[in-house]
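# Residue-level structure breakdown
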Amino acid sequence: MIDFVNICGWLGTLCFSVYTIPQAIDTYKQGKTTNLSSGMALLLFGGALCSFIYIIPDVRSPLFYNFLISIVSSGTILKYHFLPRKSRN
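From a predicted model like this one, the values you see are computed outputs, not experimental measurements.

Here we take up the side chain of serine 70. Counting through the fold element by element, serine 70 comes out in helix H4 (residues 62-82). Residues within four places of serine 70 in sequence aside, it is in contact with Ala48 and Gly75.

Structure, rendered in structure tokens:
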């Protein structure tokens, strides 16, 4: 039987497998990389979160810290993507 933790692990793996596709499409359309697509930001954070949930039972695993750091870094990207810092001009 598939449980919640295994489902989160597979969802995380899936997100990490496809998270660059929205950015690649956006970059192709614009011809430059000035913007980060919302899809990439959301999939990056979703993948990190689901993978972290999956690895929680194995706290001694290096993946635990890898995914914890991924949550923080992708959360920062997500925050500034949807709530950009105001310009001081």
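Another point: the confidence of the model for the protein chain. Mean pLDDT over the protein chain: 78, with 80% of residues reaching 70 or higher. Predicted confidence in the protein chain is weakest over helix H2 (residues 20-30), with a mean pLDDT of 70, and strongest over helix H3 (residues 38-55), with 89.

Running from N to C, H3 and H4 cross one another at 155 degrees; their axes reach a closest spacing of 8 Å. Looking at the two axes, H3 sits roughly antiparallel to H4. In the crossing of H3 with H4, the sense of the turn from one axis to the other is left-handed. For the pair formed by H3 and H4, the contact residues are Ser38, Ala41, Leu42, Leu44, Phe45, Ala48, Leu49, Ser51, Phe52 and Ile55 on the first element and Leu63, Phe64, Phe67, Leu68, Ser70, Ile71, Ser74, Gly75, Ile77, Leu78, His81 and Phe82 on the second. Here the contact of H3 with H4 is built from residues that sort into 16 nonpolar, six polar and no charged.

The rules behind the values
- Residues numbered from 1 in each chain as written.
- Predicted model: local features only at pLDDT ≥ 70, side-chain atom pairs only at ≥ 80, totals over all residues.
- Heavy atoms only, no water.
- Helix = DSSP H or I, 4+ residues; strand = E, 2+ residues; numbered from the N terminus.
- Contact = heavy atoms within 4.5 Å.
- pLDDT = per-residue confidence, 0-100.
- Axes fitted to C-alpha atoms, helices over the stretch in contact; angles between N-to-C directions.
- Parallel < 35°, antiparallel > 145°, perpendicular 65-115°, else oblique.
- Left-handed = near helix turned anticlockwise from the far one by under 90°.
- Nonpolar A, V, L, I, M, F, W, Y, C, P; charged D, E, K, R; others polar.

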